[in-house]
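# Descriptive analysis of the structure
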Amino acid sequence: MNPGLPPVDPSVTAELVGALSPRLRKRLDAGVAKLAARPVVREGDIVRIAVDDDTELVLHTAGGAVNRADAIRCGCLLAPDCLHRAAAASAAPVAVDDDAAAPLNAPSAAAAPADEQANAPRGDTEPPLGEAGPPQTGGAAPAPDTATPAQLAAARSVFEATAAVLEAGTDGAGAVLQAELLRAAHSARLAGLPRISASAVAVVTGVRAARSADPAYRLADLADTVCDALAVAHRLPAAAGADLAGLRGTARQPYRPDGSLRLYGLFSEAVLTATGYAGAVTWTADADGRLYTVSDVAPGGPGRATGAADRAVRIGDTALTPRELSRAGLAVSGATVSPTGRLGAGAGVRAVRASGASWHEGPTARLWAVPVAQQVGRALAGGPEAHGLLFLDVTLAGTVREATGECLLADCEGLTLRLAAAHDDPALPHRDNLRLLAAARGARLRIVARLTPGPLPRALLLAVEHPADRAARVDLGLDRLQHADLPASEGAVPVPLPAPAADEAPLHLLRRRVHQTVSGGRRVLALPGGGAGGDGGRLRRLGLATAGDCLDGLHAAAADRSRDAFGRLLPADTDRFARAWLASAVYLREVERALCAEAWNASGETRSSTLAV
């Protein structure tokens, strides 16, 4: 994926790839790789790519995205049905057609906005503050209690296309399979299924990130995204009433009047998504501790994200940069707010700058007064209010190396907490700041982090109070710490950490296979001896009978290849394999949520030594 290209609507990519001859389809992945390495030149709403000395591609954008097939033009002799146009669309980020186009950098970020919208009631909509996005589209609202035939067909198409991607794995899911999934996503959008459409687009985005070695790519996040797409498409035919409305989702979040607000800045979070959007989201809180966000997110790359902190965002009658707003306050009248706390930009909104508050005083301090177990339980509960943020007091205690890099160790009310970088893109300062904070061992700090569900207490570090100045704060995705910012280390006393509780439920045996399937496809599990290790039996002996059955079922579905009367292999049953994988992924997700609550003692009870599942 070439981040310099503008986002392209899914229907455009599907149309251009569908127009290719079988011979050109076989060459499409090579064409995408070649085009992704070519320089991109922007001239306002026009983007130019020199394919070679004699051929130039021109992309015309509207609202920051390409939304028509004829907006991509090529100068080669085979145009318009040439390889170059389809390769350009396949190499570009996927345009998102709702105001969740700029999700936060949360785990499984691409899927989270769809879930948020699904829980939101329909109503009047308006753009969020400071945010730009592609034009909105959508069809007529279907009947409230039953899925229409068009919706059933669209959900089935998404399930089949996602199953085909799962069958091939990220290694084999080239541009043609991606285009088929984008075509299904477009059909779902037209049928009034924005949640399924968004999930399908998120799968394509994750696959492209994997194939392009995007530094922000995480296999676990893509596995969650694939699970979301399959689960929603699978559940929709049997759903009714409120459950069906949730699975359909809404095309845009509703913004409802919320009167007058007195807000206090908390921190700003850098946003850099695989869908081609970048900027910052500033978090604020009112006197009751309810959180509100102000967004400055639009199509762009790392440069837009790194420069977001000092770019002014107009809010009513005033303009503040995210850096200023996160440290000041805001008085708003005529406010409109979405269910997830986004401030709207209606014509009647009025706002003026006001005084802020430190994390140790006033209304903001009450966020840190909430017991940790209660915060974790709220984050795991889901729903529009489940932003996943944790407000913690920790003592830094060194680092530990993991497969994804180093993370900080910290003591949090007797728990050994692992704090990881919120984003791995080298353009953002998350990693550098994390390394510097490791030198402040023994420092007692207030932090803001986002929960990462897992068997050990773990979170993504977003902001900290300044190590040398409790009245100041550091946004780890926008600010850069210096060695001079760290307190003197002389006399620092090492912090003894309690030994982390062992993961006595060996779910890694199932988790490994679920993730391997997303990466390598069915063939990874169908290799000779792939299921002969006795892992299913081991899980059952340890009391995890359901996990053992899921693992055995996954191996059996992967190895099931029937033959015809002449001994020739018949086409694989992708539907059965996808359902077996989905059962394992859903089970794994629910058990890991239970393990996360156990690890953080979210129930408030004494931690048990075993977990029976």
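Residues numbered from 1 in each chain as written. Predicted model: local features only at pLDDT ≥ 70, side-chain atom pairs only at ≥ 80, totals over all residues. Heavy atoms only, no water.

## Comments concerning the pairing of strand β1 (residues 40–43)
Regular strands place side chains that alternate from one sheet face to the opposite one. Test applied: DSSP bridges decide pairing: two strands pair if at least two such bridges lie between them. Note on conventions: DSSP H or I runs of at least 4 residues are helices, E runs of at least 2 residues are strands, and numbering of each starts at the N terminus.
Strand direction decides the pairing type here: β1 and strand β2 (residues 46–50), joined by four bridges, are antiparallel. Following the sheet pairing, Arg 42 is matched in β2 by Val 47. Two successive antiparallel strands, β1 and β2, enclose a turn made up of two residues, where Gly 44 displays a positive phi of approximately 70°.

## Comments concerning helix α8 (residues 194–211)
Put simply, the rule is: How far a helix is expected to stretch is found by multiplying one less than its residue total by 1.5 Å. The buried label goes to any residue with under 20% of its type's maximum accessible area, the exposed label to any with over 50%, and the partly exposed label to all in between, with areas taken from a 1.4 Å probe on protein chains only.
An ideal rise of 1.5 Å per residue puts 26 Å on 18 residues; α8 measures up with 26 Å between its terminal C-alpha atoms. Within α8, 16 of the 18 residues are buried, which leaves the element mostly enclosed by the surrounding structure. The first or second residue beyond α8 is Ala 213, which carries a positive phi of 55°.

## Some thoughts on the sheet that holds β2
Let me state the cut-off plainly: To define axes, lines are fitted to C-alpha atoms, for helices over the stretch in contact only, and angles between the resulting N-to-C directions are given on a 0 to 180 degree scale. Here, residues are in contact when the closest pair of their heavy atoms is within 4.5 Å.
Judged by pairing direction, the sheet is antiparallel, and its four strands sit side by side in the order β1-β2-β3-β4 without closing on themselves. Each of the sheet's edge strands pairs with one partner strand only, and the pair in question is β1 and β4 (72–74). Averaged over neighbouring strand pairs, the angle between their axes works out to 20° when direction is ignored. Each of β3 (56–60) and β4 is contacted by helix α4 (residues 83–91), which is oriented at about 140° to β4, the strand it contacts most.

## With respect to the packing of aromatic side chains
Any two aromatic rings considered together are summarised by their centre-to-centre distance and by the angle between their planes. Note the following rule: What counts as a ring pair is set by centres within 6.5 Å for rings of Phe, Tyr and Trp (its six-membered ring), and what kind of pair is set by the plane angle: stacked under 30 degrees, edge-to-face over 60, tilted for all other angles.
In the structure shown here, the tally under the stated rule is three aromatic pairs. Taking 6.2 Å as the distance between ring centres and 10° as the angle between the ring planes, the aromatic pair formed by Phe 267 and Trp 283 counts as stacked. In this pair, Phe 267 is assigned in strand β5 (residues 256–272) and Trp 283 in strand β6 (residues 277–285), connecting sequence segments 16 residues apart. Across this residue pair, the class does not change: Phe 267 and Trp 283 are buried.

## Remarks on the nonpolar core
One recurring pattern in soluble globular proteins is that nonpolar side chains are buried together. Rules: Think of a nonpolar core as a cluster: buried Ala, Val, Leu, Ile, Met, Phe, Trp, Tyr and Cys residues, connected wherever their side-chain atoms sit within 4.5 Å.
By size, the foremost hydrophobic cluster in this structure holds 61 residues, and its most contacted members are Ile 196, Leu 236, Leu 507, Leu 510, Trp 581 and Tyr 587. Leaving out residues up to four positions away in the same chain, Trp 581 has contacts with Leu 166, Ala 223, Val 226, Cys 227, Leu 230, Val 514, Thr 517, Val 518 and Leu 554.

## Some thoughts on the sheet that holds β6
Reading across from one edge, β7-β6-β5-β10-β11 is the order of the five strands in this open sheet, with antiparallel pairing throughout. With partners counted over all chains shown, the strands left at the sheet margins are β7 (291–299) and β11 (350–354), one partner each. This sheet shows a mean twist of 35° between the axes of neighbouring strands, independent of strand direction. Relative to β7, β6 runs antiparallel, the two being bridged by nine bridges. By the bridge assignment for β7, Trp 283 is matched with Thr 293. Each of β5, β6 and β7 is contacted by helix α13 (residues 362–369), which is oriented at about 65° to β5, the strand it contacts most.

## Digging into the packing of helix α3 (residues 28–36) against α4
Quick reminder of the rule: Each angle receives one of four descriptions, namely roughly parallel if under 35 degrees, roughly antiparallel if over 145, roughly perpendicular if within 65 to 115, and oblique otherwise. Two helices that cross are described as forming a left-handed crossing if the nearer one is turned anticlockwise from the farther one by less than a right angle, and a right-handed crossing if clockwise. Residues are grouped as follows: Ala, Val, Leu, Ile, Met, Phe, Trp, Tyr, Cys and Pro are nonpolar; Asp, Glu, Lys and Arg are charged; all remaining types, including Gly, are polar.
Axis separation between α3 and α4 bottoms out at 8 Å; the angle between their running directions is 70°. On the basis of the axis angle, α3 is roughly perpendicular to α4. Judged by the sense of rotation from one axis to the other, the crossing of α3 with α4 is right-handed. Taking contact as the criterion, the partners of Leu 28, Gly 31, Val 32 and Leu 35 in α3 are, on α4, Leu 83, His 84, Ala 86, Ala 87, Ala 88, Ser 90 and Ala 91. Its residues assigned to classes, the contact of α3 with α4 comprises eight nonpolar, three polar and no charged.

## Digging into the packing of helix α6 (residues 149–172) against helix α16 (residues 508–520)
As a packed pair, α6 and α16 sit with axes 4 Å apart at the nearest point and diverge in direction by 70°. With respect to their mutual orientation, α6 and α16 come out roughly perpendicular. Side by side, α6 and α16 meet where Leu 166, Ala 168, Gly 169, Thr 170 and Asp 171 of the first sit next to Thr 517, Val 518, Ser 519 and Gly 520 of the second. In the contact of α6 with α16, the residues fall into three nonpolar, five polar and one charged.

Remember, this is a structural readout, not a statement about activity or role.
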